[in-house]
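Descriptive structure summary
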Amino acid sequence: MSDTLIKNVHEMLNQEKWTRSALTNYSITQFKELDSFLKEAKDQDELEKLKEVCDEHLNHTRNSISALYLSGMIALSRRIIDDSTLVTLVGIFTDNRKWTAVKYLCERMLEYGESRFALRTLADCYKNDHDEPMVASLWERIVKVDPEEADLAKALAEYFEKESDIDRAIEYFKKALHRYINKQALANIKDLWEKLLDYCPEDIDFFIHVQKKIAKTNIGEEKKIQLLECLYYSCRERKDIDTAITVLKLILEYDERNSHARKEIAECFRIKYANHSQLEQYIRVSNLLQSYRNVHEAIADFEKHIAFDRGNYVFHRTWGVGRINTVQGDDVCIDFAKKRGHTMSLQMAVDALQILSPDHIWVLKATWKKEKLYAKVKKDIAWTLKTVIKSFDNLCDMKRVKAELVPHVLFDSDWPTWNSAARQILKNDLSFGVSQDSTDVYTVREHLITVSEKLYNEFKVQKKFFKRIVLFRMFLSHQDFYSEYFNEMLEYFTHYFKEGVPIDCEMISSFLFIESINTVYPDLAIELPPLTFLELFNNIKDVSNIFINMKDSELRKSFLEHIYTLVPQWTDVFISLFPAVLEPTILEYLNTDEYKYLLVNLTRTCFEKYREYSGAVVWLFKNSIKESWYREADIPYEKQLITLINILDHSYKEIENHHEGTENRKINRQVEHILFKDDTLITFIDSADEKAVIRIFTLLSDIINLDPTDVLKVRNHISKRYPDLKFVGDTEKTLSARGLLVTATKYEEKQRQLSYIMEKELPANTDELKSARELGDLRENAEYKAAKEKQEYLNFTAAKLKKEIEQAQIFDVSTVVTSRVSFGTKITLRNNKTGVFEEYTILGPWESDPEHRIISYLSPFGSTILNKKPGEHFEFSVTRGEGEKTMYTVETINIADL
């Protein structure tokens, strides 16, 4: 801060102190003069210093108007939650009834966001001025920012009621009712319930939703019944008998001995089924009015019986859809398509038949012409969805929809397009909702709901944390911030901030998510936990685990930004994090002149420790090979390829050992694609020297599980590049046109393995998956994950076996020759250095068993001795590359025992 400004501030504060300036001396003009100090300090980037000067002055002159104002406004501009200095200042002017100054101070506070204190104080000022519209507008703002404020919501409703703005009155009566329910204020709840029944009795969905909320409170059951009775009489008055029956059933759930409700439900049934020929008989048979029978059983019994009347449709599991022809006494006559005039007792009909509505999908399939139904279903998807869903107790998932339509109504080829359009309708059409138990089960709404309510309902049912974030984002896009739905959805995330909640992925994600909401919608000012991000981060045990489990790209990006901005050792965090998560954004942060050396070291480390960082090596080779820092790592290209080949070999072994199968299969496919599908090895051969080519091919041919055709492709290209190069052994003579030689025994064994997987293990695994799905949430379902992992392994193994069997050619044992080393021979070699005799059997990769000296003709040693004759000498190095070579002599060649 400049000396001039500091001097002026000190002089002003001291003058105020010495002259003991009276409150009457302060006007808006004086406050605007103080604002000039704020502007000058801000321009000089010295607001912090100015605040320190004012705070020091307040230590010994606590009611200094100027110091309170300057310190408070600076704190407000920095979004500091503590606004006590301005509250003190406003209190001083309020106590002295200086309303002009109070208004100015409150309005200045509100320039930096909604403040409950400033809004309430300002509302009191305008109340003194008898400015009701302004008071109401301020109350609206208070109700928006304070989700617990019920009294003002009610006062607002009464204000709009007086102004004849009934729609807005209803809106605020509803808000007040929700908030009084949270407070369990019974008297207020009853008043508003009755008020809303007067204004919007037809909004049954609202009353049912509120009733469910009341049911979860500690309000006595007698009081809950009183509210439902009010709703019931409203429905009877409007002749809404179906809803009246629903409400009476709710009353009887609270008190099944409620004789009045029992009597009333019987009367409602009489009204609803007035034209039914057997009405009184069924009321009598079900004992609906007899107190000795359980009321719920009596109602269920009556509703079953009442469905049996002439013209109604029924379903029998053997005879299909039928129509009731007559009901006479205890006999029911039904016309089924293949069994017309079938008679059974009423009791048997009740037990054996399912009642169908005239618009049930089964009825339509049985009574409509196929062409007519096909055209209707194909054209009117919304109608079809409603029809099918309502056919099954108004609860249905898309699997059931497909089962009902394909192939009976739609063709298989119609389904993908129809299904896609149907899902869009289910998502966007407000007449559809989801069940209370699953987001995959849909229901049809009797009354249209708002987009916000639809999203709220899906949010409440959704079990997965990150899908709830997606739904809440969609909700926020409609900016319905001040509904009760918003507060309930928000509370789901803010509850992670409570003391004792572990610092895990969901807690960190909630922090980042709420912070992002505050950034986009600063007026909401949602309170974050007392800990800062850095304090939370320092308590994370496994950063990579947090990142991997954060299934939201926006939150992942925010997480990295926070680490970069707020964590002092961010570079160390990023370097350790990258190999585990393979996030390219991390490399972007580090790719600067200052930190590029870290990327160079990271690349070297990954290649040096390729077994530990195999995924990172593959990712870097595939995505970063053209980056300058990758080239600066100065890893010879041959070494890079050798590392990839070693990773390929290692992944095959890990897969066979059932270790991290999913990850190793992924790495295996990536490396195979790089080396063979992208022709990386072919390109290398075109420019490499002969020794480098031999080293690469030796490593490659030593991988037992590698596709022989890939190896042969590389070998043929080497022959074109170096036609004079003599390969050890003439593998072409023993390679069949179809692939590789195998024994009949091993061929049959492989076929048995494939059959067992396809016919036994895979079907059993399908059953395991089905059972695991029924256990619920797949995210935390260990049985499902294990079954899924097994499925991937079985599919991988089956595909590999199929490919190998297709390439195999059964060796004809009658063609074995002993004049030279070949497939099916047993040989004796003499080690010329030690004089020791060694026996080997030469077979194929399937039979290879080095521990028992059965050698594959495709292995480096096997291909070396192939076609050698008795007495012939040859050299072989037991180590790869140019290690020490051992001289051998072929002593004998015999036919192996096949």
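These notes cover the structure that comes with them. (Residues numbered from 1 in each chain as written. Predicted model: local features only at pLDDT ≥ 70, side-chain atom pairs only at ≥ 80, totals over all residues. Heavy atoms only, no water.)

**Looking at the pairing of strand S10 (residues 825-831)**
Defined as follows: Here the term buried applies to any residue with accessible area under 20% of the maximum for its type, exposed to any over 50%, and partly exposed to those in between, with areas from a 1.4 Å probe on protein chains only. Labels follow the DSSP assignment, with helices taken as runs of H or I lasting at least four residues and strands as runs of E lasting at least two, numbered in each case from the N terminus. Strand pairing is defined by DSSP finding a minimum of two bridges between the two strands.
Among the 7 residues in S10, 5 count as buried, and that is most of the element. Sheet topology note: the S10/strand S11 (residues 837-843) ladder contains 6 bridges and is antiparallel. Looking at the pairing, isoleucine 827 lines up with tyrosine 840 of S11. Two successive antiparallel strands, S10 and S11, enclose a turn made up of 5 residues, where glycine 835 displays a positive phi of approximately 80 degrees. Pairing analysis gives 7 bridges linking S10 to strand S14 (residues 885-895), with the strands arranged antiparallel. The residue bridging asparagine 831 from the neighbouring strand is tyrosine 888, located in S14.

**Here we look at the packing of helix H25 (residues 465-477) against helix H26 (residues 484-494)**
Stated precisely, the cut-off is as follows: The axes are straight lines fitted to the C-alpha atoms, using for helices just the contacting stretch, and the angles between their N-to-C directions are given from 0 to 180°. Handedness of a helix crossing follows the sense of rotation of the near helix relative to the far helix, less than a right angle counterclockwise being left-handed and clockwise being right-handed. Here, two residues are considered to be in contact whenever any of their heavy atoms come within 4.5 Å of each other. Note on residue categories: nonpolar means Ala, Val, Leu, Ile, Met, Phe, Trp, Tyr, Cys or Pro, charged means Asp, Glu, Lys or Arg, and polar means any other residue, Gly included.
The contact between H25 and H26 brings their axes to 11 Å, and the two run at 145 degrees. Here the hand of the crossing between H25 and H26 comes out left-handed. Contacts between H25 and H26 involve Phe465, Arg468, Ile469, Leu471, Phe472, Phe475 and Leu476 on the former and, on the latter, Tyr485, Phe486, Met489, Leu490, Tyr492 and Phe493. For the contact of H25 with H26, the residue count by class is 12 nonpolar, no polar and 1 charged.

**What to know about unusual backbone geometry**
The omega torsion of the bond from valine 406 to proline 407 falls at 5 degrees, within 30 degrees of zero and hence cis. Considering the arrangement of structural elements, one finds proline 407 in the loop between helix H22 (398-405) and helix H23 (415-428). In this model, lysine 239 sits at a positive phi of 65 degrees, which is unusual for a non-glycine residue. When you line up the elements, lysine 239 lands in the loop between helix H13 (221-237) and helix H14 (241-254). Relative accessible area serves as the criterion here: at 69%, lysine 239 is assigned to the exposed category.

**Some details on the nonpolar core**
Test applied: Buried Ala, Val, Leu, Ile, Met, Phe, Trp, Tyr and Cys residues that are joined via side-chain atoms within 4.5 Å together make up what is termed a nonpolar core.
Residues Phe31, Tyr69, Leu70, Phe93, Leu177, Trp193 and Phe308 are the most contacted members of the largest nonpolar core, which totals 120 residues. The leading source of residues in this core is H14, at 9 residues. The residues contacting phenylalanine 308, other than those within four sequence positions of it, are His276, Tyr282, Val314, Ile324, Val327, Leu346, Ala349, Val350, Leu353 and Ile355.

Without other data, these values stay purely geometric and don't point to any function.
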